[in-house]
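# Structure assessment
Here are the chains, one letter per residue:
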Amino acid sequence: MDHVRVVVLDAMGVLYRDGDVRGRVLLPYLRERGCRAPERDVHAAYQAVTLGRMSTGAFWAALGAAAGDEDYCRRHTLTDGTPDALAALAGDGLELACLSNDAAAWSALLRRRFGLDRHIGRWFVSSELGARKPDPGPYEAVLAALDVPPAQVVYVDDRPVNLTPARALGMRTVLFRSDDTAAHPAGGPERAVATMPELVAAIRAPGPGTG
């Protein structure tokens, strides 16, 4: 992709292996820690904590779970090849950022655990922005902070529905296939990849790409 200056990556399903983090990571963890709340209540609390409407401590307490941030974050794993891919893209001179639907406390713990701050310089987290993807607000906040033309930004997400607002704002997009991709469809063809080496190759490829 010619003239790319910034790559903005989603966290869950791109940097981290599980796209359906609520179903595959959070809910099993809560059940192990004694939470008996129905899934609708877990979903509502998860929405609230990732919108910054409650702290993570209040989240665990509201769901009756003997749980904690560090213990929960140990359940996450990186997507295979993530460190090498980030190093390769940074070595190409690209600025790297992350836009994530997450609680700020969890996001900070995870990126420190995996050393992602080494290459990703900016983190845009829904609980700090007060809005979740695919609301247009988070994408607008990213572009305002980056201060680069949208056409020079590549946005990578595992949910097709989350790519639509990025394209509407003029960003180029790449779909990274995860366990959660099929559950969140949206119209329009995408440049799609399934591995980190494929993602690096897609970003390095000449031509306009998708956008």
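Only a predicted model underlies this, so the values are computations on that prediction, with no experimental measurement involved.

### Some thoughts on the pairing of strand E1 (residues 6-9)
Here E1 shows two buried faces, one formed by Val6 and Val8 and the other by Val7 and Leu9. Note that E1 and strand E2 (residues 95-100) share 4 bridges and pair parallel. Each bridged residue has a counterpart across the sheet, and for Leu9 the counterpart in E2 is Cys98. As paired elements, E1 and strand E4 (residues 153-157) share 4 bridges and run parallel to each other. Note on E4: the bridge partner recorded for Val8 is Tyr155.

### Describing the nonpolar core
Of all hydrophobic cores here, the largest spans 50 residues; its most connected members are Leu15, Tyr16, Phe59, Tyr72, Trp106, Val156 and Leu199. It is helix H1 (residues 21-32) that provides the largest number of residues to this core, a total of 6 residues. Residues within four places of Val156 in sequence aside, it is in contact with Val7, Val8, Leu9, Asp10, Val14, Leu163, Val174, Phe176 and Leu199. Listed in part, the 16 residues of the second largest apolar core include Val6, Phe124, Tyr139 and Ala166.

Rules of the game
- Residue numbers run consecutively from 1 along every chain, following the written order of its sequence.
- Two thresholds apply to this predicted model, a pLDDT of at least 70 for residue-level local features and 80 or more for giving and counting side-chain atom pairs, whereas whole-chain, interface and lining totals are computed over all residues.
- Hydrogens and water are ignored here; the side-chain numbers use all heavy atoms of the structure.
- Remark: exposure states derive from per-residue accessible area (1.4 Å probe, protein chains only) relative to the maximum for the residue type, with buried under 20%, exposed over 50%, and partly exposed in between.
- In DSSP terms, a helix is any run of H or I states spanning at least four residues, a strand is any run of E spanning at least two, and both are numbered starting from the N terminus.
- When DSSP finds two or more bridges between two strands, those strands count as paired.
- Buried Ala, Val, Leu, Ile, Met, Phe, Trp, Tyr and Cys residues form a nonpolar core when they are joined through side-chain atoms within 4.5 Å.
- By the convention used here, residues are in contact when the closest approach between their heavy atoms is within 4.5 Å.

Everything listed here is a matter of geometry and, on its own, says nothing about what the molecule does.
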